[in-house]
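Survey of secondary and tertiary structure
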Amino acid sequence: MFMPRKKWLFVLFSALAIALAYFGYVLTPKADILMENDYNNIGNMYIYSDIVQDGEYMYFIGFDTPNLCKADKDDLNLKNVENYGGNIEKLFLPSNGVLYFVNGDDAGSIYSIDKDGKNKTKLTDMTCDELITFKDKIYFTSVDGLYSMDLDGSNLEMVYPEPVTNIFPYES
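Residues numbered from 1 in each chain as written. Predicted model: local features only at pLDDT ≥ 70, side-chain atom pairs only at ≥ 80, totals over all residues. Heavy atoms only, no water.

Quick look at the pattern of salt bridges now. Inspection of the entire model under this criterion finds five salt bridges. Of the charged contacts, one joins aspartate 54 and lysine 115 as a salt bridge, the two residues approaching to 2.8 Å between their closest N and O atoms. Here aspartate 54, found in the loop between β1 (51–53) and β2 (57–61), pairs with lysine 115, found in the loop between β7 (109–114) and β8 (121–122); they are 61 residues apart in sequence, far enough to count as distant. Aspartate 54 sits in the buried class, given a relative accessible area of 15%. Of the residues examined, lysine 115 reaches a relative accessible area of 26% and is grouped as partly exposed. One connected set of salt bridges, linked through shared partners, spans Asp106, Lys122 and Asp125. (Salt bridge = Lys/Arg side-chain N within 4 Å of Asp/Glu carboxyl O. Helix = DSSP H or I, 4+ residues; strand = E, 2+ residues; numbered from the N terminus. Buried < 20%, exposed > 50% of the residue type's maximum accessible area, 1.4 Å probe, protein only.)

Written as structure tokens, this is what we have:
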């Protein structure tokens, strides 16, 4: 007997998201990057910043609604998913163990949240188009240029005063 169409699409999309995250990580060029979890961020650029993982869990943007979700990395059928809510557009997990995301419910502002879903903090009022974390900094684009700030939202500065797309970190 066949699965209902909605369930079949959910299973297919789940498997595709997991495969993209895995291959995004495996195929990521091993640049001279100092922090191990920056590979999560580079891999994320291949899959539109929808899923990150640490040693135990994967954190992802929900399939039916854009909520922040958490599941055991071995739970490939996603049977035990914690839903932290929100309208998440981009998601990153640098080495400091804090999740960073763009909040679609707040005009695209950047937020941080602990991996247990606590301590949600707004880092800037600016609208973010693209986001990446790299070497203890958050880099993001807005309508008027490229900005950087510390991971706690302090020291906001304009890096480049022209519109920018497709940011990609590397060391020379």
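Moving on, we get to the nonpolar core. Grouped together as the largest cluster of nonpolar side chains are 16 residues, with contacts concentrated most on Ile110, Leu131, Ile138 and Phe140. Elements supplying a minimum of two residues to this core: β6 (98–103), β9 (130–134), β10 (137–142) and β11 (145–150). Once residues within four sequence positions are removed from consideration, phenylalanine 140 is found in contact with Ile110, Thr124, Met126, Cys128, Glu130, Leu131, Gly145, Leu146, Tyr147, Met149, Leu156 and Ile167. In this structure, Val52, Leu68, Phe101 and Tyr111 belong to the second largest nonpolar core, which totals eleven residues. (Core = buried A, V, L, I, M, F, W, Y, C linked by side-chain atoms within 4.5 Å. Contact = heavy atoms within 4.5 Å.)

What follows deals with the sheet that holds strand β5 (residues 88–92). Backbone-to-backbone hydrogen bonds pair the strands of a sheet. The strands run either parallel or antiparallel. Strands sit in the order β5-β6-β7-β8 across an open sheet of four strands; the sheet is antiparallel. This sheet does not close on itself; its edge strands, each paired only once, are β5 and β8. Of the strand pairs in this sheet, β5 and β6 are connected by four bridges, and their pairing is antiparallel. Paired with lysine 90 across the bridge in β6 is valine 102. (Pairing = 2+ DSSP bridges.)

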